[in-house]
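Residue-level structure breakdown
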Amino acid sequence: MAMRKGLKFKTSNKLVITSAAFQDHITRSLLLSNLSLSDPLPRCKREGPRNPQARRTVQETGLQWQDWREASEYVLDPAPPPLTLAQKMGLVAAPAERLMEDEWMQVKARSAQQGESTQPCAICREEFRLQPQVLLSCSHVFHRACLQAFERFSGRKCCPMCRREQYETRLIHDAARLFRHHCATRIQACWRGYVARKWYRHTRKTVSPKDKRLRRKFFEAKLQELNDSFVRYCHTDTEAFLSDIDRSLSSSRRVFQQLESKSVSEPQENDWDQIQSQVIQRGVRDCPICLTALGDLNLPTEASRSHHQQQGRRTVLLSCSHLFHQLCLEAFESFTADSRPPCPLCRSVYHKKLI
């Protein structure tokens with residue numbers, strides 16, 4: 001009887017301990033489930049490296065903590081809670097141990113092999129760029145904000161891709177590094193393209209091509225450019241420009257006429273004989289104005305002179321050795337606006353003599 005009572009007492013104690021262990025486990029589980037799933041780090045807001053040696057290294061190298069945090073990778077999940085009594089007694093399966101650094105490297109290598117960081121986020125379908133990204137222990141990568149929103153609205157903690165539950169998360173920067181490398185590549189490509197285009201345009205403007213047709217077009221363009229620049233820098237008023245040219249020409253004519261009137265003197269009798277001999281040597285027979293025959297200079301007799309006087313076609317010898325009909329020369333002088341008209345042939349100031 002006493003043994004039965006002892007067995008009942010032991011059994012009841014065991015049942016009490018078991019029930020207490022289950023109750024403790026359920027209570028803790030409910031408390032954990034009531035925690036906000038949107039923030040997996042309720043107690044792990046890091047303000048600096050936990051390791052004092054790491055803090056000194058950051059300070060010695062001159063890096064700010066924000067820069068060090070952006071360049072480092074760390075686990076986002078909080079430290080696991082202590083085991084409950086039910087888990088210690090083996091009544092409930094204990095949670096899996098957390099991944100070590102080597103295991104995280106393997107997960108990251110598998111994710112890089114799958115190209116998770118190069119593809120858009122599976123939740124929002126946008127590129128990662130410089131936004132924080134989270135690596136799950138199942139090797140899938142998401143935006144940190146997208147994963148938090150998914151956990152908050154789904155009410156459970158499972159991977160959006162493979163539906164694995166109770167995963168671990170780690171903050172990585174692979175997509176940010178790839179985006180910076182891509183941006184640097186595009187900047188370098190744009191700069192190299194700009195330099196190449198600038199060099200090509202300069203070469204096209206300064207170096208003539210070897211092909212004859214292209215070389216001709218090149219020099220035509222150069223000549224047109226020079227003409228355009230000349231026109232651009234010239235006076236825009238054409239009428240005023242032409243009137244200036246006319247004034248300059250008229251003033252130049254007046255100066256030359258004054259010089260010629262001062263320098264030319266009337267020839268003497270011997271000079272007239274030499275001029276007449278030059279005319280005879282040239283063999284001039286026609287008047288340059290009316291293109292009719294002149295008198296015979298080889299026989300300047302009184303009979304020939306009277307014959308020409310009767311016809312009214314006397315001949316005039318100029319000091320520049322040119323012969324004209326007297327009437328033709330007088331008509332030319334009457335139609336000329338200058339006070340002392342020049343020779344119709346050589347445009348020089350002259351003295352004349354009837355022969």
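Scroll up to find the structure this text is about.
Residues numbered from 1 in each chain as written. Predicted model: local features only at pLDDT ≥ 70, side-chain atom pairs only at ≥ 80, totals over all residues. Heavy atoms only, no water.

**Topic: the nonpolar core**
To keep things clear, this is the line we draw: Definition used in this section: a nonpolar core is a set of buried Ala, Val, Leu, Ile, Met, Phe, Trp, Tyr and Cys residues joined via side-chain atoms within 4.5 Å. In this scheme, a residue with accessible area under 20% of its type's maximum is buried, one over 50% is exposed, and one in between is partly exposed, where area comes from a 1.4 Å probe on protein chains only. A run of DSSP states H or I qualifies as a helix once it reaches four residues; a run of E qualifies as a strand once it reaches two. Both are numbered from the N-terminal end. Residues count as neighbours in contact if any of their non-hydrogen atoms are within 4.5 Å of one another.
Core analysis: the biggest nonpolar cluster contains 20 residues, and Leu135, Leu136, Phe142 and Leu147 have the highest contact counts within it. Examining the composition of this core, we find that three residues originate from one element, strand 2 (residues 133–136), more than from any other. Contact partners of Phe142, with chain neighbours within four places excluded, come to Cys121, Ala122, Ile123, Phe128, Pro132, Gln133, Val134, Leu136, Leu147, Cys159, Pro160 and Met161. By size, the runner-up hydrophobic cluster in this structure holds 15 residues, among which are Cys287, Leu323, Phe324 and Tyr350.

**Looking at a positive patch on the surface**
How we decide: The patches reported here contain residues having more than 30% relative accessible area and no salt bridge. Joining distances are 9 Å for like charges and 5 Å for nonpolar side chains (Val, Leu, Ile, Met, Phe, Trp, Tyr). Throughout, the Shrake-Rupley method with a 1.4 Å probe supplies accessible areas, and for residues the shown protein chains are the sole cover considered. Criterion for a salt bridge: a side-chain nitrogen of Lys or Arg within 4 Å of a carboxyl oxygen of Asp or Glu. Only four residue types enter the charge count: Lys and Arg as positive, Asp and Glu as negative, with His and the chain ends excluded. Taken as the charge centre is NZ of Lys, CZ of Arg, CG of Asp or CD of Glu, depending on the residue.
On the surface, a cluster of positive charge is contributed by Arg197, Lys198, Arg201, Lys205 and Lys222. No other element matches helix 7 (residues 174–206), which puts four residues into the positive patch. Along the chain, Arg197 falls in helix 7. By relative accessible area, Arg197 is classed as partly exposed at 48%.

**Concerning the sheet that holds strand 7 (residues 352–354)**
Selection criterion: In this scheme, strands are said to pair when DSSP sees at least two bridges between them. The angle between two axes is taken between their N-to-C directions and runs from 0 to 180 degrees, where each axis is a line fitted to C-alpha atoms and a helix contributes only its stretch in contact.
The strand order across the open sheet formed by three strands is 6-5-7, and the pairing between neighbours is antiparallel. Taken across any chain shown, the strands that pair with only one partner, and hence form the sheet edges, are strand 6 (323–325) and strand 7. Adjacent strand axes in the sheet meet at a mean angle of 30°, parallel and antiparallel pairs treated alike. Looking at chain direction, strand 5 (residues 315–318) and strand 6 are connected through three bridges and run antiparallel. Residue pairing for strand 6: Leu317 is matched across the bridge by Leu323. The strands touched by helix 10 (residues 269–282) within the sheet are strand 5, strand 6 and strand 7, with strand 5 carrying the most contacts at an inclination of about 110°.

**Quick notes on the sheet that holds strand 1 (residues 74–75)**
An order of 1-4-2-3 is seen for the four strands of this open sheet, with the pairing classed as antiparallel. Each end of this open sheet is capped by a strand with a single partner; those strands are strand 1 and strand 3 (141–143). As defined by bridge partners, strand 2 adjoins strand 4 (residues 169–172) across four bridges and the pair is classed as antiparallel. Within strand 4, the residue paired with Gln133 across the bridge is Ile172.

**What to know about unusual backbone geometry**
Of note in the backbone geometry, Ser321 takes a positive phi value of approximately 70° without being a glycine. Considering the arrangement of structural elements, one finds Ser321 in the loop between strand 5 and strand 6. Non-glycine residue Arg347 carries a positive phi angle of around 60°. Inspection of the secondary structure assignment puts Arg347 in the loop between helix 12 (326–335) and strand 7. The exposure class assigned to Arg347 is exposed, which follows from its relative accessible area of 51%.

**Some remarks on helix 6 (residues 144–154)**
So the rule is basically this: Taking the helix axis as origin, the arc is that swept by the directions to the C-beta atoms.
The set of residues buried in helix 6 consists of Arg144, Cys146, Leu147 and Glu151. Angularly, the buried residues of helix 6 cover 165° about the axis, an arc narrow enough to put them on a single face. In helix 6, the exposed positions angled more than 90 degrees off the buried face are occupied by Ala145 and Phe153. The secondary structure elements touched by the buried residues of helix 6 are strand 2, strand 3 and strand 4. Positive phi shows up at Gly155, right after helix 6, with a value of about 75°.

**Some details on a nonpolar patch on the surface**
Together, Phe241, Leu242, Ile245 and Leu249 make up an exposed nonpolar region whose accessible area comes to about 340 Å². Here Phe241 is to be found in helix 9 (residues 238–263).

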